[in-house]
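Close look at the chain arrangement
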Amino acid sequence: EDFERHHKQLRKKVEDTLQRMQQQEESKASGEGGESGNSEEQKQSKADAESERERFPLLFVDQSTLTDEQKKERRKQLLLKSAEAGRARRRREKEQEEEARQAREREEQKKYEADPEAYVNELHKTRQRLQEAREKRRNANQSLDRRRNLADKRRVLQAVMGSGSSTPRAERGRSGGAGNGEEEDTFGANEEDWHLYKQMARTRGEIGGDESESEQEKEELQWLERLLHKYDPKTMQREQEETNYPQARDFQIELFVERVKPPEVIYQPSIIGLEHAGLSEALEGVFRNLGHKLRDRVCRNVVVMGGNSLHPNFCDRIFYHVRSACPAGLPVKVTHANDPKLGAWGGAKLFALSGKLPESSVTREAYEQKGRDYLEEHEFSNPYHPTPKA
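Residues numbered from 1 in each chain as written. Predicted model: local features only at pLDDT ≥ 70, side-chain atom pairs only at ≥ 80, totals over all residues. Heavy atoms only, no water.

Re the overall build of the chain
Within the chain one finds 14 helices and 2 strands. Relative to its full complement of 390 residues, the chain shows a buried share of 19%. Within the chain, counting contacts between residues at least 6 apart in sequence, those at least 24 apart form 57% of the total. Total accessible area on the chain is roughly 30,100 Å²; 50% of this is exposed by carbon and sulfur atoms. (Helix = DSSP H or I, 4+ residues; strand = E, 2+ residues; numbered from the N terminus. Buried < 20%, exposed > 50% of the residue type's maximum accessible area, 1.4 Å probe, protein only. Contact = heavy atoms within 4.5 Å. Areas by Shrake-Rupley, 256 points an atom, 1.4 Å probe, with all protein chains shown as cover.)

Below is the structure:
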């Protein structure tokens, strides 16, 4: 319906324009033509109307004669025409704003040339007056906000305690239920009770509206500061240097989810785009491939070490994943190394000093013959599986 109504308006407008152009052409042909300027406007209007007919032909055809596909296409053309008209309107508005701005700048330039010192002083006074009014309004709104919040708290307290209503309970049907003269607290049973919360919400909305500065005031302040930067740059630069001194917040970094995301990469590498298994998936795969006897022994002796294990609650997370990977009822024990940072290095040192290092190391001949993926199997190593050939 909106499309049809909009289309009828556009069609009537175009038909009126064409009819007016035709009358003007007939008038001009009979010797009653207008001036040359009007002739140019008529030509432009006629050209625009013809261009619209060429680009949106279905908008000038009776809808009853169109097929379903043509009706769909007609709606598309109507949308395109409306969007084009909107863009043209916004472009005209921007051009008008630019012209108004340039006219105001020329006017300000004339005032400055007439008396530069008085003009600059007046700009500073106007800017200071606006800033003081804005600060005064903000302080008043903050004070009002505190008073209203306190009043709201009192209203709620009175409502909860049963004394927040100005209407007697007997009139509202709230009096005694047990026949002992005591009144029953039935706050909320009546619709009027909830008007209190509506009023509180409405009050907070009004405060938020008062605190927000008007767009006109912001634009005026920006305009004054722009003029002062142009006609009194030294004073503005000095003021900026005096106000832009280092503060505590300039040396602080606020962390929110960043405190949680980096450690979580260990468990979910996908959050940074890595297509690798996380620690939880690796633990699940290890315990899935272990035999029953070996799995029972490993679950009782899980040792956590490494610098990443110093993250808070790291061992609790490991215990959770190991517990979920093992059968129910199987005892699980997770131990944190005494020196997590150097625990792995200490174990390697003990292994090197045990005399088993030479027989567990890869010789040069084995490396050249079997490649870089080959490892000697020993009691602390993983099983060796050759890389399959392509």
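Description of a positive patch on the surface
A cluster of basic residues, K13, R87, R89, R90, R91, R92 and K94, forms a positive patch on the protein surface. Of all the elements, helix α3 (residues 68-114) adds the most residues to the positive patch, at 6 residues. When you line up the elements, R92 lands in helix α3. Relative accessible area serves as the criterion here: at 47%, R92 is assigned to the partly exposed category. (Patch = residues over 30% accessible without salt bridge, like charges linked within 9 Å, V, L, I, M, F, W, Y side chains within 5 Å. Salt bridge = Lys/Arg side-chain N within 4 Å of Asp/Glu carboxyl O. Lys, Arg positive; Asp, Glu negative; His and termini not counted. Charge placed at Lys NZ, Arg CZ, Asp CG, Glu CD.)

A word on the pattern of salt bridges
Side chains that differ in charge, positive against negative, can pair when their charged atoms come close. The tally for this structure, following the rule as stated, stands at 11 salt bridges. Across the pair R364 and E368 runs a salt bridge, and its minimum N-O distance is 3.2 Å. Taken together, the positions of R364 and E368, both in helix α14 (residues 364-370) and 4 residues apart, correspond to about one turn of that helix. Relative accessible area serves as the criterion here: at 63%, R364 is assigned to the exposed category. Overlapping salt bridges bring together E98, R101, E105 and R226 as one network.

Considering unusual backbone geometry
Even without being a glycine, N313 presents a positive backbone phi close to 65 degrees. Summarising the element assignment, N313 is placed in the loop between β1 (302-304) and α11 (314-325).

Description of the environment of V302
Checked against the element boundaries, V302 lands in strand β1. Considering only alpha carbons, one finds V302 and V322, 20 residues apart in sequence, at a separation of 8.8 Å. The residues contacting V302, other than those within four sequence positions of it, are F287, I318, V322, K333, V334 and T335.

Focus: the packing of helix α9 (residues 279-289) against α11
Look at α9 against α11: their axes get within 9 Å of each other, and the N-to-C directions meet at 40 degrees. Relative to α11, α9 is oriented oblique. Crossing geometry of α9 relative to α11 is assigned as right-handed. Facing α9, whose interface residues are L279, S280, L283, E284 and F287, α11 presents F314, I318, H321, V322 and A325. Tallied by class, residues from the contact of α9 with α11 come to 7 nonpolar, 2 polar and 1 charged. (Axes fitted to C-alpha atoms, helices over the stretch in contact; angles between N-to-C directions. Parallel < 35°, antiparallel > 145°, perpendicular 65-115°, else oblique. Left-handed = near helix turned anticlockwise from the far one by under 90°. Nonpolar A, V, L, I, M, F, W, Y, C, P; charged D, E, K, R; others polar.)

Some words on the environment of L227
You can see L227 is positioned in helix α6 (residues 215-231). In sequence terms L227 and E105 are 122 residues apart; their C-alpha atoms lie 8.8 Å from each other.

What to know about the packing of aromatic side chains
Enumeration over the complete set of coordinates arrives at 4 aromatic pairs. Aromatic pair Y119 and Y231: ring centres 5.5 Å apart, planes at 85 degrees, arrangement edge-to-face. Of this pair, Y119 sits in helix α4 (residues 116-161) while Y231 sits in helix α6, and the two are 112 residues apart along the sequence. Y231 sits in the buried class, given a relative accessible area of 11%. In textbook terms, an aromatic cluster arises when at least three aromatic residues are bridged by ring pairs, as seen for Y112, Y119 and Y231. Over the face of the ring belonging to Y267 we find R317, whose NZ or CZ atom lies 3.9 Å from the ring centre. (Phe/Tyr/Trp six-rings, centres within 6.5 Å; stacked < 30°, edge-to-face > 60°. Lys NZ or Arg CZ within 6 Å of the ring centre and 35° of its normal.)

Quick notes on a nonpolar patch on the surface
Side chains of I271, I272 and L274 sit close together on the surface and give an oily, nonpolar patch of about 260 Å² of accessible area. Note on placement: I272 falls in the loop between α8 (261-264) and α9. A relative accessible area of 52% places I272 in the exposed class.

Focus: α9
The set of residues buried in α9 consists of L283, G285 and F287. Among the structural elements, α10 (292-299), β1 and α11 are those in contact with the buried residues of α9.

Let's talk about the nonpolar core
Judged by nonpolar contacts, the single largest core of 13 residues is most densely connected at F287, C299, I318, V322 and C326. Considering each element in turn, this core owes the most residues, 4 residues, to α11. In contact with F287, not counting residues within four places along its chain, are R295, V298, C299, V302, V322, A325 and C326. One finds W223, L228, Y231 and M236 within the second-largest nonpolar core, a separate group that totals 9 residues. (Core = buried A, V, L, I, M, F, W, Y, C linked by side-chain atoms within 4.5 Å.)

Looking at the confidence of the model for the chain
Detailed reading of predicted coordinates is not advised where the pLDDT is low. When pLDDT is averaged along the chain, the result is 76; 72% of the residues meet or exceed 70. Within the chain, strand β2 (residues 334-336) carries the highest mean pLDDT (93), whereas helix α5 (residues 195-211) carries the lowest (50). Across residues 163-182, where pLDDT falls below 50, the model places 28 contacts with residues more than four positions away in sequence or in other chains. Low pLDDT, under 50, characterises residues 204-212; the predicted model gives this stretch 8 contacts beyond four residues in sequence or across chains. (pLDDT = per-residue confidence, 0-100.)

Digging into α6
Each α-helix turn comprises 3.6 residues. Residues three or four places apart therefore point the same way. With 17 residues, α6 should reach 24 Å at 1.5 Å per residue; the first-to-last C-alpha distance of 24 Å fits that figure. Among the residues of α6, those classed as buried are E217, L221, W223, L224, L227, L228 and Y231. Seen end-on, α6 carries its buried residues on one side only, within an arc spanning 160 degrees. Away from the buried face of α6 by more than 90 degrees, exposed residues E215, E219 and Q222 are located. (Expected span 1.5 Å × (residues − 1). Arc of directions from axis to C-beta.)

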